[in-house]
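Next come the chains, spelled out residue by residue.
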Amino acid sequence: MLNGSKKFVTCAPICDLALVFATVDPSLGKWGVTAFLVERSSDGFSTGPVKDKMGLRTVPFGEIFFENCFVPEANRLGPEGAGFSFSHNSLEYDRCFNLASELGTMERQLEKTIAYAKSREQYGQPIGKFQSVSNRVADMKLRLETARLLLYKVAWLKEREQPAMLEAALLKLYLSECFVASGLDSVRIHGGNGYLTEYEIERDLRDAIGGVIYAGTSDIQRNIIARSLGL
Ligand SMILES: Cc1cc2nc3c(=O)[nH]c(=O)nc-3n(C[C@H](O)[C@H](O)[C@H](O)COP(=O)(O)OP(=O)(O)OC[C@H]3O[C@@H](n4cnc5c(N)ncnc54)[C@H](O)[C@@H]3O)c2cc1C
């Protein structure tokens, strides 16, 4: 019988099925967490309205509520208390797949920014000839290529079904923060046009900020990295 609620759930307002982690006994800590698949049609399951957010606006998200929501044993994933190890393992994939789409956006963003820096002229020359602008483009390229290596390393490890908690945390922290930094550089290079919604340059920056929060904030990734290093 599930009781409680969960905020900030991606696709909650439109989901048919929810993967729920709930505890059977809070005193057991992480070993009390069990995973369930809960169908929207279950009695006691409801969702709140779509919440407006800063970015990622094409993906609705909101809250899920459980009020004496009965879940049959057949919908329990694995044994009681196995939820933590499931989430631990699936977060490694989550951090890799989610961030892969950000890497693709960073690549497109760089191409668009270079094209703009070549075509926009000020003081008789393309703005890309000013070192202040070209340095930003160089930094964007460096972030893209270094983040790509971390992403490929996690994908390589998971393809071989190897643990990648440290590598996934390094990737999540680094790539999401790079996406924010490059998003801001791209807006700066586009000048006033970068601030206009019609260019969709500001949109990437707004979307990027979600990335330093979901699937564990940057602070949490630093905690995981430090713990993996024995601190
Ligand atoms: C776009 C988006 C999509 C999301 N999708 C989902 C989803 O599908 N499913 C889901 O379950 N959740 C989802 N979330 C929720 C997301 O995982 C949480 O918002 C996030 O983990 C932070 O938790 P919080 O909001 O409670 O912030 P808090 O935990 O209150 O954190 C606030 C601040 O305190 C810091 N902080 C907290 N604890 C520590 C600590 N131990 N050490 C150092 N710093 C700390 C944080 O880093 C942050 O800066 C989504 C969030 C966003 C923005």
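Criteria and cut-off values
- Residues numbered from 1 in each chain as written.
- Predicted model: local features only at pLDDT ≥ 70, side-chain atom pairs only at ≥ 80, totals over all residues.
- Near = placed C-beta within 6 Å.
- Helix = DSSP H or I, 4+ residues; strand = E, 2+ residues; numbered from the N terminus.
- Nonpolar A, V, L, I, M, F, W, Y, C, P; charged D, E, K, R; others polar.
- Domains from an automatic or database assignment.
- Buried ≥ 20, exposed ≤ 12 C-beta atoms within 10 Å, placed from the backbone.
- Contact = placed C-beta atoms within 7 Å.
- Pairing = 2+ DSSP bridges.
- Axes fitted to C-alpha atoms, helices over the stretch in contact; angles between N-to-C directions.
- Parallel < 35°, antiparallel > 145°, perpendicular 65-115°, else oblique.
- Left-handed = near helix turned anticlockwise from the far one by under 90°.

Q: Would you mind going over the site of the ligand with me for this structure?
A: Taken together, 14 residues are adjacent to the ligand, and Phe8, Thr10, Tyr214, Thr217 and Asp219 come closest. Residue assignment for the shell around the ligand shows that the elements contributing at least two residues are strand E1 (2-10) and helix H6 (218-228). Of the residues forming the shell around the ligand, the biggest block, four residues, is contributed by E1. Across the shell around the ligand, the residue classes tally to seven nonpolar, five polar and two charged. Of the residues that make up the shell around the ligand, three or more belong to each of domain 1 (2-77) and domain 2 (87-228).

Q: When you look at helix H5 (residues 201-211) in this model, what are you seeing that I'm missing?
A: In an α-helix there are 3.6 residues to a turn, and that puts residues three or four apart on one side. The buried count for H5 comes to eight of 11 residues, which makes it a mostly enclosed element. Taken together, the buried positions of H5 are occupied by Ile201, Glu202, Asp204, Leu205, Asp207, Ala208, Gly210 and Gly211. Buried-residue contacts for H5 involve helix H1 (83-119), helix H3 (165-189) and helix H4 (191-195).

Q: Help me understand the domain arrangement of the protein in this model?
A: Accessible area lost on assembly of the parts is the figure often given for the size of an interface. The assigned domain composition of the protein is domain 1 (2-77) and domain 2 (87-228). Computed over C-alpha atoms, the centres of domain 1 and domain 2 are 30 Å apart. Counting residues at the interface gives four residues for domain 1 and five residues for domain 2. By residue class, the composition of the side of domain 1 that touches domain 2 is three nonpolar, one polar and no charged.

Q: Please clarify how the sheet that holds strand E3 (residues 33-39) should be interpreted in this entry.
A: What links the strands of a sheet is backbone hydrogen bonding, and the strands pair in either a parallel or an antiparallel sense. A sheet is described by the order of its strands in space; here three strands give the open sequence E2-E3-E6, paired in antiparallel fashion. The outermost strands of the open sheet, each flanked by one partner alone, are strand E2 (17-23) and strand E6 (76-77). Bridge analysis of E3 against E6 gives two bridges, and the strand direction is antiparallel. What sits directly across from Phe36, in E6, is Arg76. In the packing of H1 onto the sheet, the strands contacted are E2, E3 and E6, and the crossing angle to E3 comes to about 75 degrees.

Q: What am I meant to see in the sheet that holds strand E4 (residues 45-47) here?
A: Taking strand neighbours across the sheet as the criterion, the three strands line up as E1-E5-E4 in an open arrangement whose pairing is antiparallel. Since the sheet does not close on itself, it has two edges, and those belong to E1 and E4, each with one partner. The average undirected angle you get between the axes of adjacent strands in this sheet is 15 degrees. For E1 and strand E5 (residues 61-69), the ladder comprises six bridges, and the chain directions are antiparallel. When the bridges of E5 are listed, Val9 appears paired with Gly62.

Q: I'm lost on the pairing of E5 in this one. Help?
A: Two faces, one strand: in a regular strand the side chains alternate between the faces of the sheet. Summarising the sheet, E4 and E5 pair through three bridges and their orientation is antiparallel. Each bridged residue has a counterpart across the sheet, and for Thr47 the counterpart in E5 is Ile64.

Q: Could you clarify how one ought to interpret the packing of H1 against helix H2 (residues 131-159) in this entry?
A: A pair of packed helices is characterised by two quantities: the angle between their axes and the separation of those axes. Axis separation between H1 and H2 bottoms out at 9 Å; the angle between their running directions is 155 degrees. By the angle between their directions, the pair H1 and H2 is classed as roughly antiparallel. The element H1 and its partner H2 pack so that their crossing is left-handed. Taking contact as the criterion, the partners of Glu92, Tyr93, Cys96, Leu99, Ala100, Leu103, Met106, Glu107, Leu110, Thr113, Ile114 and Ala117 in H1 are, on H2, Val133, Val137, Met140, Lys141, Leu144, Ala147, Arg148, Leu151, Val154, Ala155 and Lys158.

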